Amino acid sequence: SIHPDTLRHKERKCTDMGFFLDSRLPYEAYREMAEDRYFVDKSLIIRELMDFIGKKNRYLCIMRPRRFGKTVMASMIGAFFGRAADSSSLFGQLEIARVLKDTDAYHKHLNTHHVIYLDFSVFPRNCTSYGQYIDRFQNGINRDLAEAYPEFAIRTDGTTWDILTDIFEKTGDRFLFIIDEWDAVFHMPFITEKDRESFLLFLKLLLKDKMYAELVYMTGILPIAKYSDGSELNMFTEYHMALSERFSGYFGFSEKETDSLYAIYRENTPNARITRNDLAAWYDGYYTAAGSRIYNPRSVICALTDNQLRNYWTSSGTYDSVFAYIRHNIDGIQDDLAFLFAGEAVPAAIQEYAASAMQLATRDEIYSAMVIYGLLTFQNGCVSIPNKELMESYAAMMKKEKSLGYIYRLANISRKMLSATLEGDTKTMSEILNDAHNTESPIFSYNNEIELSAIVNLVYLAARDTYRVEREDKAGRGYADFIFYPEQKNADSLILELKAGGTPEQALQQIKDKNYALRLKGKLGENQNVTGRILGVGISYDKKSKEHSCIVEEL
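The paragraphs below set out a description of the structure included in this document. (Residues numbered from 1 in each chain as written. Predicted model: local features only at pLDDT ≥ 70, side-chain atom pairs only at ≥ 80, totals over all residues. Heavy atoms only, no water.)

Quick notes on the overall build of the protein
Here is step 1: A tally of helices and strands in the protein yields 23 helices and 15 strands.
Here is step 2: Counting every position in the protein, which comprises 555 residues, the buried fraction comes to 55%.
Here is step 3: The long-range share in the protein, meaning contacts at least 24 apart out of those at least 6 apart in sequence, stands at 71%.
Here is step 4: Counting every atom, the protein has about 23700 Å² of accessible surface; 47% of that belongs to carbon and sulfur. (Helix = DSSP H or I, 4+ residues; strand = E, 2+ residues; numbered from the N terminus. Buried < 20%, exposed > 50% of the residue type's maximum accessible area, 1.4 Å probe, protein only. Contact = heavy atoms within 4.5 Å. Areas by Shrake-Rupley, 256 points an atom, 1.4 Å probe, with all protein chains shown as cover.)

Written out as structure tokens, the structure is:
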């Protein structure tokens, strides 16, 4: 039998579809995604959104870094609630139907709402002004309303909120707004400060306290307070991945979801070259406010589709704005960068209001913004670089940004350090390390091996071009400080052990005693590229003589 609400919907002819109002685009976009081989079902968020419809707290702003599924989610919500296309067969296979299909709520909301879908990252051809930009949306909505309600003789040059109010007064029709990339306009080159104020006012007049708006679901990168310091948009409740527990499970991929995708990859990919551990090393490491680890979803899908691990993360204008503070070494933040790049976690007080500040004056404020952007992850009061993909981005920055001072210098002598190591030239190795410590990095006192590892990590940065570098990797009967896995056949492998206050011979003996080389041979020989030499490298720092010593030996 067909539920009465569903039947009434099917009887209604959806011939009044528009470009923004009751558009078919969200349905088609989500259908494509749902039919993709590497699809993850996040449809249960719809059940939570049902509770907000028609309520006072119906204004939601979901903030996520780029490439974390904001647009996928917006399309899904539009496809479920929107009346432009019958999506019952699409959602009938998903979790939302499994949980709610036999309930009144499911049929009450499936394809029964007027949806106004706005993607603010899209602008007209040859757009050079805010007026051209915003007219596309205002005039477009008005045209759609005029076609959907011809009996009202709507003027397309009228005021959109007045037209919507008039329709609500006469028909009782309400509208579900889905707004994707609401803050994209602020990154467009033609937008002025006055334009910014006009855009905020536009959103306020269109949405705030409007009875015709039954739900407003909005996505963006940064908190609303970043752009609005007044009451224009204070009706929104904001949810950020790293700071808000609610909705955090619907963005990014969990361990279980990634396991399922990897199983599909192994079943369908001839000569599969990616291991499950590879996916974790490259794309895991982000944390939600609830403490769950999540993967970058776009990067996982791209890697499995391409059968190749590489950096799929793309920077944006927001990244450039944050790097300005690193470049100018605000609050000594460059010193932390060396530790972060070495894989260490750095204490930080992350708060949403700090990330939204127009001017970042302290290291905690800068870190707050970097967590919001997805450039760092936050857990247990500390920030860190989440994975190898982001490590690659930082490595590229260190090699090209002269403003990073000693970090840039050490990164750019790293090719010489790698060559000296492979050649067993311990004299040159020691000279590079002594120079690095004595003249370029006064923050490193070598009170512990963490500081030594930070320097070593920088002076071997070039190795990341041809090696997979792992820090504190499980090997043999303990943990090696660094293992360099070669990306090319016949290349040499390196196992580095560090001793602050010891000797290089002691470091090398630990490599042998703990049998760290097992990671590169024997039953762990999944590293098919390990056909060259395996070199043990001991590096020490004598606190009395202030000298570094090195030893290299084939294992």
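Some thoughts on the nonpolar core
Here is step 1: Counting residues in hydrophobic clusters, the biggest one holds 118 residues, and the most contacted among them are Y133, W182 and F199.
Here is step 2: Among the nonpolar cores identified, the runner-up in size contains 37 residues, and Y27, L44, L215 and F247 belong to it. (Core = buried A, V, L, I, M, F, W, Y, C linked by side-chain atoms within 4.5 Å.)

Some details on the packing of helix α8 (residues 130-148) against helix α10 (residues 193-207)
Here is step 1: Contact geometry for α8 and α10: axes closest at 11 Å, N-to-C directions at 15°. Relative to α10, the element α8 lies roughly parallel. Pair α8 / α10 crosses with right-handed handedness. In this structure, α8 uses Y130, Y133, I134 and Q138 to contact α10, whose residues at the interface are D195, S198, F199 and F202.
Here is step 2: Residue composition of the contact of α8 with α10, grouped by class: five nonpolar, two polar and one charged. (Axes fitted to C-alpha atoms, helices over the stretch in contact; angles between N-to-C directions. Parallel < 35°, antiparallel > 145°, perpendicular 65-115°, else oblique. Left-handed = near helix turned anticlockwise from the far one by under 90°. Nonpolar A, V, L, I, M, F, W, Y, C, P; charged D, E, K, R; others polar.)

Topic: the packing of aromatic side chains
Here is step 1: Tallied over the full model, the rule gives 30 aromatic pairs.
Here is step 2: Judged by centre distance (5.7 Å) and plane angle (70°), the ring pair of Y59 and F236 falls under edge-to-face. Of this pair, Y59 sits in strand β1 (residues 59-63) while F236 sits in the loop between β4 (213-220) and β5 (237-240), placing them 177 residues apart in sequence. Each member of the pair, Y59 together with F236, is buried. (Phe/Tyr/Trp six-rings, centres within 6.5 Å; stacked < 30°, edge-to-face > 60°.)

Notes on the pairing of strand β12 (residues 478-486)
Here is step 1: For β12, a buried count of eight out of nine residues is recorded, marking the element as mostly surrounded by other parts of the structure.
Here is step 2: Direction of pairing for β12 relative to strand β13 (residues 493-500): antiparallel, over a ladder of three bridges. Residue F484 lies in a different strand from β13, and its bridge partner there is L494.
Here is step 3: Adjacent in sequence and paired antiparallel, β12 and β13 are bridged by six residues, among which N490 carries a positive phi angle near 70°. (Pairing = 2+ DSSP bridges.)

Some remarks on the side chain of T428
Here is step 1: Within the secondary structure layout, T428 lies in helix α21 (residues 426-440).
Here is step 2: Every residue in contact with T428, bar those within four places of it in the chain, is listed here: K416 and A420.

Some thoughts on the layout of surface pockets
Here is step 1: There is about 800 Å³ of room inside the second largest pocket.
Here is step 2: Around the second largest pocket, the lining is made up of 31 residues, and of these R67, G69, K70, T71 and V72 lie nearest the centre.
Here is step 3: Of all the elements in the fold, those that place two or more residues in the lining of the second largest pocket are α2 (25-34), α4 (70-81) and α13 (297-306).
Here is step 4: Counting residues per element, the lining of the second largest pocket draws most heavily on α4, which supplies five residues.
Here is step 5: Within the lining of the second largest pocket, the residues separate by chemical class into 18 nonpolar, five polar and eight charged. (1 Å grid on protein atoms, 1.4 Å probe; cavity = no way out; pocket = protein on both sides within 12 Å on 5 of 7 lines; lining within 4 Å. Points joined across faces, edges and corners; volume = space filled by probe spheres on them.)

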